Amino acid sequence: MIARLLILIARGWQLGPSAILPPSCRFQPSCSAYAITAWTRYGALRGSWLALRRIGRCHPWGGQGHDPVP
C-alpha cells in the first residue's frame, strides 16, 4: 500500500516537473525510474533505502552510466 503511494508520487514527478526540466540524471535508468522499480521489486522500506542510496550517488563525483536495481 505504501509502495503504491510512493510509486504514484514518483510517476507524478515524471509527468510533471521532470517533463518540463531539462534532463540532468547521470545514470540510466533515471533516479525516479530506479525508485519505481525498487519499490515494485522490494516494497516500501528496502526500495526506499535503495532509492535514497541512488539519489545520494547523484553528484558530480558519484559516477555515471548504467546502474540497474540489484
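Here the structure is a predicted model, which is why all the values come from computation and not from measurement.

A. Highlighting the packing of aromatic side chains. If you walk through the whole model with that rule in mind, you get 0 aromatic pairs. Lying over the aromatic face of Y42, R46 brings its terminal NZ or CZ to 4.4 Å of the ring centre. One residue, R57, lies across the ring of F27, its end atom 5.9 Å from the ring centre.

B. Broad picture of helix α3 (residues 31-42). Taking 1.5 Å as the rise per residue, α3 with 12 residues should run 16 Å; its terminal C-alpha atoms sit 16 Å apart, in good agreement. What α3 keeps buried is the set C31, S32, Y34, A35, I36, A38 and W39. G43 sits one or two positions beyond α3 and adopts a positive phi of about 90 degrees.

C. Structural detail: unusual backbone geometry. Between Q28 and the following residue, P29, the backbone shows a cis peptide bond with an omega angle of 5 degrees. Along the chain, the position of P29 falls in the loop between β1 (27-28) and α3.

D. Representation of the pattern of salt bridges within the structure. Overall, the coordinates contain 2 salt bridges when judged by the stated rule. R54 is the partner of D67 in a salt bridge, and the nearest nitrogen-oxygen pair spans 3.7 Å. Pair noted here: D67 is in the segment after β2 (65-66) and R54 is in helix α4 (residues 44-56), with a separation of 13 residues, a long-range link. Just as D67 is buried, R54 falls in that class too. Across the pair D67 and R57 runs a salt bridge, and its minimum N-O distance is 2.4 Å.

E. Structural view of the side chain of R54. Judged by its relative accessible area of 0%, R54 falls in the buried class. Sequence-distant contacts of R54, defined by excluding residues within four places in its chain, comprise C25, F27, Q28, P29, S30, C31, Y34 and D67.

F. Main features of the nonpolar core. If you look at the biggest cluster of nonpolar residues, it comprises 6 residues: A3, A10, A35, I36, W39 and A51. Elements that contribute at least two residues to this core include exactly α1 (2-15) and α3. Counting residues per element, this core draws most heavily on α3, which supplies 3 residues. Aside from chain neighbours lying at most four places away, what touches A3 is W39, G43 and A44.

How each quantity is defined
Residues numbered from 1 in each chain as written. Predicted model: local features only at pLDDT ≥ 70, side-chain atom pairs only at ≥ 80, totals over all residues. Heavy atoms only, no water. Phe/Tyr/Trp six-rings, centres within 6.5 Å; stacked < 30°, edge-to-face > 60°. Lys NZ or Arg CZ within 6 Å of the ring centre and 35° of its normal. Helix = DSSP H or I, 4+ residues; strand = E, 2+ residues; numbered from the N terminus. Expected span 1.5 Å × (residues − 1). Buried < 20%, exposed > 50% of the residue type's maximum accessible area, 1.4 Å probe, protein only. Salt bridge = Lys/Arg side-chain N within 4 Å of Asp/Glu carboxyl O. Contact = heavy atoms within 4.5 Å. Core = buried A, V, L, I, M, F, W, Y, C linked by side-chain atoms within 4.5 Å.

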